[in-house]
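# A look at the structure
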Amino acid sequence: MEKTDKLILRLTEEAKGRQGSLLYILNGINKELGYIPEEALLHTAENLNISKAEVYGFLSFFKNYKTDAEVGDIYRKIVVCRSESCEASGSKQLIEHIKASLNLDFGKYSPDGKYFLDYVYCFGHCAASPAVEVDGILYEKVNPKVFDKIIKTFDSNKLEEPAELKATDVVKKEAPVKSLIFKRCGYINPLSVSDYLNNDDGFKTLRRVIEEIKSKGDEGKLLLINALKQSKLRGRGGAGFPAGIKWETVFKEKSDVKYIICNADEGDSGAYADRMILESDPMSIMEGMIIAGLITGAEYGYIYLRAEYAAAKSVIESAIALLKDGGYLGDDILGSGFKFYIDLITGAGSYVCGEETALMESIENKRGTVRQRPPVPAVSGLYGKPTVINNVLTFAYAVYILKGNSNLEYFLSLGTENSKGTMPFQVSGAVKNPGIFEIPFGVTLKELLELAEADVNAKAVQVGGPLGAYFPLSEEFLDLNLSYEGVSMKNGLLGHGGVVVFGGETDFKYRLLNALDFFIDESCGKCAPCRIGTVRLKELLDRVLKKQNTEENLTIIDEILDSMKYLSLCAFGAGVHMPVKSLLTYFKNEII
Ligand SMILES: Cc1cc2nc3c(=O)[nH]c(=O)nc-3n(C[C@H](O)[C@H](O)[C@H](O)COP(=O)(O)O)c2cc1C
Ligand code: SF4
Ligand code: FES
């Protein structure tokens, strides 16, 4: 193994001139050693000319980094997903089994020092859950029996086949799917430029954008921005902000440097559309970033990918290299004289780093805490420069819409008044046909559950990720209109389109406690309502479950949730009330 000081020197050298250099170096050390040794702190600080305290402050923020004081040399590391889809598919029993059979607990070694147990909140492998990773190899549909077999084969060095979630299985194509952005997924070689060009008019939008800008200059850019505004495309990352307005703001800002960021942090449990499209059609996302750059005047683009997406990472790296070679990226895109560069930055296991300003902080080598707003990133984003930050899917839709007027019109013909086009709903949990259904907004929950062949005994769904509401499967909620406005009318959120189905055996008490652990773990700690509120909620719930002053404590829980809703700095703390209140309202009898 490379000696630590040499390893750090090499990584520092590679990180020179890159954004997100601390993430790059620490991820490299972590990959090589499994933890960050004390000496690495010092060397990294010296090499980057920052203090050791800054490096420590940074690494102690991220869940993936552990120091040698915490873990030392790990022999065999088991990481189990404890999030919603996996729980709805049996991870509670699996976790109990792992702990009992190997004498383990989270964050602890087994007494023989052979195994170390950790957890993750979603691997993005929800369509084949429960998911478990052993020494970096991911396994799907793991139950206690399968787990024992995996461990046995590991110990005998005859490894089980690792998990491979195929786009052809996961991305649904049968009617009534109206695929606008997932058409190529599973049907082309993601690392073939000619496959991309020859299927569904790859790079046609880029050529159109170049032509419009070459012939009309800023007028051409405004024409394209207006088309995007006309489409009413809303960002697919969760907040649903109109993409055209964001691009227009960045275009109008006067600045020597502007940035494009593709938010591929996809932390929502039950969500895996970003991952699937990046693995099976990465060039469509890069085309979206390039056109965003040319239209708004940005020359640098970054894809911020969540750490758990190892397969996507290698596809993206190769795709960037291919596009550079092919003249689609670099100093002279397709001979136009326009420049655009894309680099990949990998996160380190923080849900809040999906929030746009926390994400930018982490790229700037700072702890991933949320910034006060205004100013919004479109005015003052990465390094204080105007920045377009969009979700992966938003870029794909922009490419679709700007290809030509007929696409724009078709997009507008789909969906509802305030939610135009399609949404790749990602269904998992207690269903026979889990996967991505790209269908127009406005379908009912019932229709979606029929497509996914939900368990007839299913009791609940959670829509929109860990901050989304849980709905019982009564007539009222089966009629739920799956659009931004429809879900919001029922005090929920559509989020990134994840839908987790919970079966008849669901332990809602465990679900609520597990959700609260997630909120405590992932709060960035910047504002008091969320930092303190999340912990207080768990304490109070523990008392409620012990039947101590139940009604009084439930009232305090309600008050804390309201305070968090109105006083939190970002949508994380402000969103905790949705899952907690909906669970305590619709499933109160099963919890208390
Ligand atoms: C706690 C938190 C986590 C978030 N995680 C993500 C994420 O993983 N991916 C994403 O695209 N947006 C995420 N967002 C939303 C981003 O802040 C931002 O709105 C989005 O990247 C903008 O892109 P869009 O307009 O295309 O949706 C998150 C927001 C919050 C508050
Ligand atoms: S609400 Fe939570 S996650 Fe958001 S800024 Fe406050 S502490 Fe951080
Ligand atoms: S892989 Fe477990 S919830 Fe997504």
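Residues numbered from 1 in each chain as written. Chains lettered and ligands numbered in written order. Predicted model: local features only at pLDDT ≥ 70, side-chain atom pairs only at ≥ 80, totals over all residues. Heavy atoms only, no water.

The name given to the protein in an unreviewed UniProt entry is Formate dehydrogenase, and the organism recorded there is Candidatus Acidulodesulfobacterium acidiphilum. Among the UniProt annotations of the protein, the heading Sequence similarities (unreviewed entry) holds the following wording: "Belongs to the complex I 51 kDa subunit family." (UniProt positions renumbered as here; feature names shortened; annotations may be inferred.)

The next thing to look at is the site of ligand 1. Around ligand 1 sit 18 residues, and of these Gly237, Asn263, Asn390, Asn391 and Thr394 come closest. Taking Gly267, its main chain carries an N or O atom lying 3.3 Å from an oxygen atom of ligand 1. Of all the secondary-structure elements, those providing two or more residues to the shell around ligand 1 are strand E9 (387–391) and helix H25 (571–575). At three residues, the largest contribution of residues to the shell around ligand 1 is made by E9. A breakdown of the residues in the shell around ligand 1 according to their chemical character gives four nonpolar, eight polar and six charged. (Near = heavy atom within 4 Å. Polar contact = N/O pair within 3.5 Å; in protein donor to acceptor, adjacent residues only side chain to side chain. Helix = DSSP H or I, 4+ residues; strand = E, 2+ residues; numbered from the N terminus. Nonpolar A, V, L, I, M, F, W, Y, C, P; charged D, E, K, R; others polar.)

Turning to the domain arrangement of the protein, a few remarks are in order. Its domain assignment divides the protein into domain 1 (4–59), domain 2 (76–162), domain 3 (193–411), domain 4 (414–502) and domain 5 (508–591). Centre-to-centre separation of domain 1 and domain 3, based on C-alpha positions: 28 Å. With nine residues of domain 1 at the interface, the matching set in domain 3 holds 15 residues. Taken together, both faces of the contact between domain 1 and domain 3 bury some 980 Å²; the carbon and sulfur share is 49%. Counting every contact that joins domain 1 to domain 3 gives one salt bridge. The salt bridge involving Asp343 is made with Arg18; its shortest N-O contact spans 3.1 Å. At the boundary of domain 1 and domain 3, one finds nine residue pairs in polar contact (both at pLDDT 80 or more). When residues of the side of domain 1 that touches domain 3 are traced back to their parent elements, those giving at least two are helix H2 (21–33) and helix H4 (52–59). Looking at the side of domain 1 that touches domain 3, the element that brings in the most residues is H2, giving four residues. Counted by class, the side of domain 1 that touches domain 3 contains three nonpolar, five polar and one charged residues. (Domains from an automatic or database assignment. Contact = heavy atoms within 4.5 Å. Buried area = accessible area lost by both parts, 1.4 Å probe. Salt bridge = Lys/Arg side-chain N within 4 Å of Asp/Glu carboxyl O.)

Among the 13 residues in the neighbourhood of ligand 2, the closest are listed as Cys524, Cys527, Cys530, Cys570 and Gly573. Class assignment for the residues of the shell around ligand 2 results in eight nonpolar, four polar and one charged.

So, on to helix H6 (residues 91–102). Counted at 1.5 Å a residue, the expected span for H6 with its 12 residues is 16 Å, and the 16 Å between its end C-alpha atoms agrees. Where H6 is concerned, the buried positions are Ser91, Leu94, Ile95, Ile98 and Leu102. For H6, the angular spread of buried residues about the axis comes to 100 degrees, placing them on one side. Check the buried side of H6 and you find it contacts strand E1 (76–81), helix H5 (84–88), strand E3 (115–120), strand E4 (132–134), helix H7 (144–155) and helix H22 (508–522). (Expected span 1.5 Å × (residues − 1). Buried < 20%, exposed > 50% of the residue type's maximum accessible area, 1.4 Å probe, protein only. Arc of directions from axis to C-beta.)

One pass over the full model with this rule turns up 24 aromatic pairs. With 4.2 Å between their ring centres and 10 degrees between their planes, Phe508 and Phe587 make a pair best called stacked. One end of the pair, Phe508, is in helix H22; the other, Phe587, is in the loop between helix H26 (577–586) and helix H27 (588–591), with 79 residues separating them in the sequence. With relative accessibility at 1%, the residue Phe508 sits in the buried group. Cluster of aromatic residues (ring-pair linked, three or more members): Phe106, Tyr119, Tyr121, Tyr351, Phe518, Phe519 and Phe572. The positively charged end of Arg82 is found above the aromatic ring belonging to Tyr119, 4.5 Å away from the centroid. Its end group placed over the ring of Phe338, Lys214 keeps NZ or CZ at 5.7 Å from the ring centre. (Phe/Tyr/Trp six-rings, centres within 6.5 Å; stacked < 30°, edge-to-face > 60°. Lys NZ or Arg CZ within 6 Å of the ring centre and 35° of its normal.)

A complete count under the given rule lists 37 salt bridges for this structure. Among the ionic pairs, Lys16 bridges to Glu13, the shortest N-O distance being 3.1 Å. Residue Asp118 pairs with Lys63 through a salt bridge whose shortest N-O separation is 3.8 Å. Of the two residues, Asp118 is situated in strand E3 and Lys63 in the loop between H4 and E1; the sequence distance between them amounts to 55 residues. Asp118 gets classed as buried once you look at its relative accessible area, which sits at 8%.

Burial analysis of strand E11 (residues 435–440) places six of its six residues in the buried class, the great majority of the element. Hairpin geometry of strand E10 (residues 422–429) and E11 is characterised by an intervening segment of five residues between the two adjacent antiparallel strands. (Pairing = 2+ DSSP bridges.)

Their axes nearest at 10 Å, the elements helix H24 (residues 550–567) and H26 cross at an angle of 155 degrees. Here H24 is positioned roughly antiparallel relative to H26, judged by the angle of their axes. Between H24 and H26 lies a crossing of left-handed hand. Taken together, the residues of H26 that come into contact with H24 (itself represented by Leu554, Ile557, Asp558, Leu561, Asp562 and Lys565) are His577, Val580, Lys581 and Leu584. In terms of residue class, the contact of H24 with H26 is built from five nonpolar, one polar and four charged. (Axes fitted to C-alpha atoms, helices over the stretch in contact; angles between N-to-C directions. Parallel < 35°, antiparallel > 145°, perpendicular 65-115°, else oblique. Left-handed = near helix turned anticlockwise from the far one by under 90°.)

In space, the five strands of this open sheet follow the order E2-E3-E1-E4-E5, with mixed pairing throughout. Pairing within the sheet leaves two strands with one partner each, and these edge strands are strand E2 (108–109) and strand E5 (137–139). Together, E1, E3 and E4 form the strand contacts of H6, whose direction differs from that of E1 by roughly 155 degrees.

Time to look at the side chain of Thr506. Position of Thr506 relative to the elements: it lies in the loop between strand E14 (498–502) and H22. A polar contact of 2.6 Å, which involves the side chain of Thr506, links it to the backbone oxygen of Gly503.

This brings us to the packing of H6 against H7. Two numbers describe how H6 lies on H7: the axes approach to 9 Å, and their chain directions differ by 45 degrees. Judged by the inter-axis angle, H6 sits oblique to H7. Of the two possible hands of crossing, H6 and H7 adopt the one that is right-handed. Taken together, the residues of H7 that come into contact with H6 (itself represented by Gln93, Leu94, His97, Ile98, Ser101 and Leu102) are Pro144, Phe147 and Asp148. Its residues assigned to classes, the contact of H6 with H7 shows five nonpolar, three polar and one charged.

Turning to the sheet that holds strand E7 (residues 300–305), a few remarks are in order. Overall, parallel pairing links the four strands, which are arranged E8-E7-E6-E9 in an open sheet. Strands at the two margins of the open sheet, each flanked by one partner only, are strand E8 (341–346) and E9. Pairs of neighbouring strands in the sheet enclose a mean axial angle of 20 degrees, with direction left out of account. Note: strand E6 (residues 259–264) against E9, five bridges, orientation parallel. Its bridge partner lying in E9, Ile260 is registered against Val388. Most of the contacts of helix H14 (residues 282–296) go to E6, to which it runs at about 155 degrees, and overall it touches E6, E7, E8 and E9. Running over the sheet, helix H17 (residues 392–401) touches E6 and E9 and is turned about 95 degrees from E9.

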